[in-house]
Every structure is written in structure tokens, then in C-alpha cells.
Amino acid sequence: MYMASSREEILELRDEVETYKPGCSVACPDTIEFPDKVFIGLFGRTGCGKTSLINSLKYAVHGKLRRSKWLQVASQENAGGHTMHRKLADLTRSIFVIDNRGLDNPGTVQAKSEITAQLGRYPLAVITHVDVAKRQSVENLAAVLRTSGIRYIYEVANITLDKPRLEEVYQVNLLSLLQRCMKHSDDNMIFRHCQAIEQMKKEEAEREKQKEEKMERSHRETIERIKGQQAEREREREKERVEREKRKEEEREQRYREAIKQIEVEHAERENKKEKEREQRFKETIEQIERAKENEIWRIMESNQQFHDHDTITT
């Protein structure tokens, strides 16, 4: 942990915090709508120094803090228990801190769920009152926090009624903490923006997929409908052809019966002549039928070619 106490560093960090606006220093190719304010949530056991930490943050940001501006805290000897509901404290015009009610057991599933729901990310850790705690206890706690996966850990001493001033080394740590929160806030907005863009792309791709599937279904239905219509026309034509053949057969039978009657009453030569005439008419009829079939086949082939051309264009 960086513990420099340079006055210049404090002024530089303080200026960065006081002039910070969400997204003002972010280099991003997309246009992102950053919020006007950043809210930092504080969570911890009852009496661990959350409210005192807010006062210390105010002191570090402004270099001073009048007693009238202090949030109500307990003395270091009687620490804990003043925050009964969430409080909102402003550090700058853009940075606000939410002082949550103390957690009796931060390790419970309910407490972790509340922290995760409000922060929306993995938390930073602040070890308070390091100036009065045993160094070994602080190091042990930091080791536990690092083992649990917390990457950024800040050691600070809070101002209290008994200790109204804050050493420069702790001011640096507090300002560095805010600097890290500012960066995480901007990074989180960029991440959410990228998530939204990715979600939009997925939704657009899904819409395109559904559109293509709909067009494909429509195309298949059109083909099936055309095939059904063609099949129906074929059935109608076949039915008509059968009816024509039936009528022709009936007509032929009728002429044949008439011819038989004529054969019985007429002379053999006339019967022979009539037979020849009947055979000639039969041949002509067959030729007409053949020509009609040939014309029908050509018409069907032309119709199929037109359908094939239409299907190719549609595809």
C-alpha cells in the first residue's frame, strides 16, 4: 500500500476529487451517457466506523471539517450504533456516500446479497482506526481480506470527537480510495454500456434470424401451395381427359352399333365402304388425340419451365 505523505500529492489528489465529473476523463469511442453523480455505499459491522469514515473523507477532500458539519458519531471509547437507517452525505457536487445501517453479521447470505445488489460489483475494503489498533491485528485482517478476493485494501484512521484532525498519510489513503472509486464508477459505466451494446447486437441478430426463418417458412409454404395447386390442376385435367375418353368411347360404341345395323340391312359393298370410312375416321380421331396429347405435354413443359424460373428468382 502506498503511504506517501507528500503535501503536493494531497493537493493533487484533492483537486482531482473535487473537480471530478463522471466520465470526464474517459477515452471511449462510443457516446456514453454518464450520470451526474456517483454514489459510494458503505457496509460494515455495527460500530466499525462507517460514519466516522465519512467525516474523515470530508476532511480529506476539503482539508478541514467544522464540527457543525460532522455526521453524528460516537466517541472512540463508545463506538457504534448511531446509524439506524441509510444516510446520504455529499463529498463533492458529484460524489456522494451512502451510510448504511450496520450489519450484525456481514458474512451471512442475506448481508452479502444486500451488498451485491447495491454495489453491483466486488467491493473495496477499508480498515478503519488503524492508528489505535495493534499492527498485527491490522495485518491479519488485511491478509483475510486478500484471501477472500478483495484486491484493493485501504488503511485509514478516522477523525472522532476525541481526534478531530487527520494525519497526511491517512488523507492520502482516503483520497486514493476515492480516486479508485471514481475509476471503478467510470469503468462500470463503460462495462454496462458495452453489455448494452452486446445485448442490442444479440437482439438484432435474433430478430434477423427470426426474419429469415419467417421468410423461409413463407417461401416453403408458397412452394407447397403452388405444388398443391398444380396437383389439383393435374387432377382436374386427368378427370376431364377420362370424361372425354369415356364420351368418345360411348360415341364410338354408338356408331359401331349403328354400323352393325346398317351392315345387316345393306349390301356387302356398301358395308365394306362404310367400314373403310369408319376406319378412316378412327385414324383421324386417334391422330387428333395424339396431337392434343402432344400439345398438352408441351404446355405442361412450358408451365414447369416458367415455375422453375420463378422459383429460381424467388430463391
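This structure is a prediction, so every number in the text was calculated from the model and none was measured.

1. Thoughts on the overall build of the chain
Stage number 1. Scanning the chain from terminus to terminus reveals six helices and five strands.
Stage number 2. Along the chain direction, N to C, the helices and strands of the chain fall in the order α-β-α-β-β-α-β-α-β-α-α.
Stage number 3. Counting only residues that meet the buried cut, the chain has 30% of its 315 residues in that class.
Stage number 4. In the chain, once contacts between residues fewer than 6 apart in sequence are set aside, the share between residues at least 24 apart is 70%.
Stage number 5. Roughly 21,800 Å² of accessible area belongs to the chain as shown, and the carbon and sulfur atoms make up 51% of that amount.

2. Overview of the side chain of Ser 185
Stage number 1. Secondary-structure assignment places Ser 185 in helix α5 (residues 168-265).
Stage number 2. Among residues more than four places away in sequence, those in contact with Ser 185 are Tyr 20 and Val 38.

3. So, the pattern of salt bridges
Close approach of charged atoms allows side chains of opposite charge to pair.
Stage number 1. The final tally for this structure, using the stated rule, is eleven salt bridges.
Stage number 2. In this structure, Glu 155 engages Arg 135 in a salt bridge whose closest nitrogen and oxygen atoms are separated by 2.8 Å. Here Glu 155, found in strand β5 (residues 153-155), pairs with Arg 135, found in helix α4 (residues 135-147); they are 20 residues apart in sequence, far enough to count as distant.
Stage number 3. Connected through salt bridges with shared partners, the residues Glu 234, Arg 237, Glu 296 and Arg 299 form a single ionic network.

4. What about the pairing of strand β2 (residues 87-90)?
Stage number 1. Note: β2 against strand β3 (residues 95-99), four bridges, orientation antiparallel. By the bridge assignment, Ala 89 is partnered in β3 with Val 97.
Stage number 2. Linking β2 back to β3 in an antiparallel pair, the connection comprises four residues.

5. Some remarks on the sheet that holds β2
Stage number 1. Here we have three strands laid out as an open sheet, ordered β1-β3-β2, and mixed in their pairing. Two strands in the sheet have a free side with no partner beyond their single neighbour: β1 (38-42) and β2. Each adjacent strand pair in this sheet contributes to an overall mean axis angle of 25°, direction not counted.
Stage number 2. Of the pairings in the sheet, the one linking β1 to β3 comprises five bridges and is parallel in character. The residue bridging Gly 41 from the neighbouring strand is Ile 98, located in β3.

6. Thoughts on the packing of helix α1 (residues 7-18) against α5
Stage number 1. Where α1 meets α5, the axes come as close as 9 Å, and the angle between the chain directions of the two elements is 30°. For the element pair α1 / α5, the angle class is roughly parallel. Handedness of the crossing formed by α1 with α5: left-handed. Contacts between α1 and α5 pair Arg 7, Glu 9, Ile 10, Leu 13, Arg 14, Glu 16 and Val 17 from the former with Glu 168, Gln 171, Val 172, Leu 175, Ser 176, Leu 178, Gln 179 and Met 182 from the latter.
Stage number 2. Tallied by class, the residues present in the contact of α1 with α5 amount to seven nonpolar, three polar and five charged.

7. Quick look at the side chain of Asn 158
Stage number 1. The topology assignment puts Asn 158 in the loop between β5 and α5.
Stage number 2. Side-chain polar atoms of Asn 158 contact the side chain of Ser 56, separated by 3.4 Å.
Stage number 3. With residues up to four places along the chain from it excluded, the contact list for Asn 158 reads Gly 49, Ser 52, Leu 53, Ser 56, Thr 128, His 129, Lys 163 and Leu 166.

8. Some remarks on the confidence of the model for the chain
Stage number 1. Per-residue pLDDT for the chain has a mean of 79; in total, 80% of the residues score no lower than 70.
Stage number 2. Element-level mean pLDDT values for the chain span from 55 in helix α3 (residues 109-119) up to 89 in α1.
Stage number 3. Low pLDDT (under 50) marks residues 74-80, which in the prediction has twelve contacts with non-local residues, meaning those over four places away or in another chain.

9. Here we look at a negative patch on the surface
Stage number 1. A contiguous patch of negative charge, built from Glu 12, Asp 15, Glu 16 and Glu 18, is present on the exposed surface.
Stage number 2. By the element assignment, Glu 12 lies in helix α1.
Stage number 3. With relative accessibility at 58%, the residue Glu 12 sits in the exposed group.

10. Side note on α1
Stage number 1. Here α1 is twelve residues long and its end C-alpha atoms lie 16 Å apart, about the 16 Å a rise of 1.5 Å per residue gives.
Stage number 2. Burial in α1 covers these residues: Glu 9, Ile 10, Leu 13, Arg 14 and Val 17. Within α1, the buried residues cover an arc of 130° as seen down the axis, which keeps them to one side. For α1, the exposed residues lying more than 90 degrees away from the buried face are Glu 8 and Glu 12.
Stage number 3. Elements in contact with the buried residues of α1: α2 (50-62), β3 and α5.

11. What to know about α2
Stage number 1. The end-to-end C-alpha distance of α2, which contains 13 residues, comes to 19 Å, matching closely the 18 Å that a straight helix rising 1.5 Å per residue would cover.
Stage number 2. Considered for burial, the residues of α2 that qualify are Lys 50, Thr 51, Ser 52, Leu 53, Ile 54, Asn 55, Ser 56, Leu 57, Lys 58, Tyr 59, Ala 60 and Val 61.
Stage number 3. The secondary structure elements touched by the buried residues of α2 are α1, β1, β2, β3, β4 (125-127) and α5.
Stage number 4. Once α2 ends, the next one or two residues include Gly 63, with phi positive near 80°.

Rules and cut-offs
Each chain carries its own residue numbering, running from 1 in the written order of its sequence. Selection of residues for local features in this predicted model requires a pLDDT of at least 70, selection of side-chain atom pairs for listing and counting requires 80 or more, and totals for whole chains, interfaces and linings are taken over all residues. Working from all heavy atoms in the structure, the side-chain values ignore hydrogens and water. For the purposes of this entry, the term helix denotes a DSSP run of H or I that reaches at least four residues, the term strand denotes a run of E that reaches at least two, and both are numbered from the N terminus. Remark: exposure states derive from per-residue accessible area (1.4 Å probe, protein chains only) relative to the maximum for the residue type, with buried under 20%, exposed over 50%, and partly exposed in between. Residue contacts follow a heavy-atom distance rule, with two residues in contact if any of their heavy atoms lie within 4.5 Å. Computed by Shrake-Rupley with a 1.4 Å probe, the accessible areas treat only the displayed protein chains as cover when residues are assessed. Between Lys or Arg on one side and Asp or Glu on the other, a salt bridge is scored when a side-chain nitrogen of the former is within 4 Å of a carboxyl oxygen of the latter. DSSP calls a pair of strands paired once it identifies at least 2 bridges connecting them. Every axis corresponds to a line fitted to the C-alpha atoms, with the helix fit spanning only the stretch in contact, and the corresponding angles, defined between N-to-C directions, vary from 0 to 180 degrees. Should an angle fall under 35 degrees it is taken as roughly parallel, and over 145 as roughly antiparallel, whereas 65 to 115 is taken as roughly perpendicular and any remaining angle as oblique. A clockwise turn of the near helix away from the far one marks a right-handed crossing, whereas an anticlockwise turn of less than a right angle marks a left-handed crossing. Charged means Asp, Glu, Lys or Arg here, nonpolar means Ala, Val, Leu, Ile, Met, Phe, Trp, Tyr, Cys or Pro, and polar covers whatever is left, Gly included. In the analysis that follows, any N or O atom pair within 3.5 Å is treated as a polar contact, provided that within protein one partner can donate a hydrogen and the other can accept it, and provided that, for residues neighboring in sequence, both atoms belong to side chains. Residue-level confidence of the predictor, termed pLDDT, takes values from 0 up to 100. What goes into a patch is any residue over 30% in relative accessible area without a salt bridge, connected to like charges within 9 Å or, for nonpolar side chains (Val, Leu, Ile, Met, Phe, Trp, Tyr), within 5 Å. Charged residues are defined here as Lys and Arg on the positive side and Asp and Glu on the negative side; His and the ends of the chain fall outside this count. We put the charge of a Lys on NZ, of an Arg on CZ, of an Asp on CG and of a Glu on CD. Helices are assigned an expected span. That span is 1.5 Å times one less than the residue count. This arc is taken over the directions from the axis of the helix to the C-beta atoms.

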